[in-house]
Amino acid sequence: LEQVYGTEAVAAGRAYPVLGKGEYSSVKEEDAKRFGKVTKQTVGLENPLVIDSDTKWLQLVRDAGTPHLSSVNPEFYKEPKRIPEMAERMQAYIKGLGYDGVVVRIPEDADVNARGERIKRLVETFGHSQVVKFTAGKEAIAAGQVEPTAEQPPVELPRAEVAAPPTFKLDDRVSYE
């Protein structure tokens, strides 16, 4: 966990994927290399939410009622143990809007996106551009509670393969089950 989140975040209880359980993929191979050996991974989303500015991210945090997920809010520091709960709430909120995942777009070597909007908090929260695919638990699919999603044509993305604790698979597409 410390390799991904840092010692301070682990100690404070903030070491949890910000958008909840799912498959996290780096868009660039250089970013994936931070997590270990890199291989190509096919990722497909039918209806992703695109987050590409602080404005979009912070509005999403407000709308989802998840103040613990942004360092601009005191809850991030005062109640870090609630971050896992808030991350799952965020994912439920995004799914409730009809999205099956998220694409985070962070331009390189810039403080703003192509429209001139700030990205400082986006960089602080996500670090680099990535794709998050929400996955239904195998049990829910087997029980017929959730239908597997149809995917649009897949995109090849770098994937790191690293051994990890049993609660998740550590790679550039960290899967929490």
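Residues numbered from 1 in each chain as written. Predicted model: local features only at pLDDT ≥ 70, side-chain atom pairs only at ≥ 80, totals over all residues. Heavy atoms only, no water.

1. Looking at the overall build of the chain
Counted only if it meets this: The way it works is that DSSP assigns letters per residue, a run of H or I at least four long becomes a helix, a run of E at least two long becomes a strand, and they are numbered from the N terminus. Whether a residue is buried, partly exposed or exposed follows from its accessible area with a 1.4 Å probe, protein chains only, as a fraction of its type maximum: under 20%, in between, or over 50%, in that order. Residues count as neighbours in contact if any of their non-hydrogen atoms are within 4.5 Å of one another. Here the accessible surface of atoms and residues is derived via Shrake-Rupley with a 1.4 Å probe, and residues count as covered only by protein chains that are part of the display.
Along the backbone of the chain there are eight helices and eight strands. Going through the 177 residues of the chain one by one, you find that 42% of them count as buried. A fraction of 71% describes how many contacts in the chain between residues 6 or more apart in sequence connect residues 24 or more apart. Approximately 9,500 Å² of the chain is accessible, and the part contributed by carbon and sulfur atoms is 52%.

2. Overview of the packing of helix α4 (residues 54-64) against helix α6 (residues 83-96)
The following threshold applies: Note on method: axes are straight lines fitted to C-alpha atoms, helices fitted across the in-contact stretch only, with angles between N-to-C directions ranging 0 to 180 degrees. Any angle that falls under 35 degrees is termed roughly parallel, while one over 145 is termed roughly antiparallel, one within 65 to 115 roughly perpendicular, and all others oblique. By the convention adopted, Pro, Cys, Tyr, Trp, Phe, Met, Ile, Leu, Val and Ala count as nonpolar, Lys, Arg, Asp and Glu as charged, and the other residues, Gly among them, as polar.
Closest axis-to-axis distance for the α4/α6 pair is 10 Å, and the angle between their directions is 95 degrees. Between α4 and α6, the angle falls in the class roughly perpendicular. Each of W57, L60, V61, D63 and A64 in α4 lies in contact with α6, whose residues at this interface are R89, M90, Y93 and I94. Broken down by class, the residue content of the contact of α4 with α6 amounts to seven nonpolar, no polar and two charged.

3. Here we look at the confidence of the model for the chain
Cut-off, in case you're wondering: Every residue carries a pLDDT, the predictor's confidence in it, which falls somewhere between 0 and 100.
Scored by pLDDT, the chain comes out at a mean of 77, with 72% of its residues at no less than 70. The lowest-confidence element of the chain is strand β7 (residues 168-169), averaging 32 in pLDDT; the highest-confidence one is α4, averaging 96. Contacts from residues 137-177, a stretch scored under 50 in pLDDT, to residues over four places away or in other chains number 97 contacts.

4. Regarding unusual backbone geometry
For D109, which is not a glycine, the phi torsion comes out positive at approximately 50 degrees. By the secondary structure assignment, D109 is in the loop between β4 (101-104) and α7 (120-126).

5. Regarding the nonpolar core
Our working rule: Side-chain atoms within 4.5 Å are what join buried Ala, Val, Leu, Ile, Met, Phe, Trp, Tyr and Cys residues into a set we call a nonpolar core.
In this structure, L19, W57, M90 and V102 are the most contacted members of the largest nonpolar core, which totals 26 residues. Discounting chain neighbours no more than four positions away, the residues touching V102 are L19, L45, L49, I51, I94, Q130, V131, V132 and F134.

6. Some remarks on the pattern of salt bridges
Under the convention used in this document: Note on definitions: salt bridges are taken to be side-chain nitrogens of Lys or Arg within 4 Å of carboxyl oxygens of Asp or Glu.
Scanning the model with the defined rule gives nine salt bridges in all. The partner of K56 in a salt bridge is D52, and the shortest N-O contact between them spans 3.2 Å. The class for D52 is buried, based on a relative accessible area of 9%. Across the salt bridge formed by R82 and E79, the nearest N and O atoms sit 3.8 Å from each other. On the basis of relative accessibility, which here comes to 30%, the residue R82 falls in the partly exposed class.

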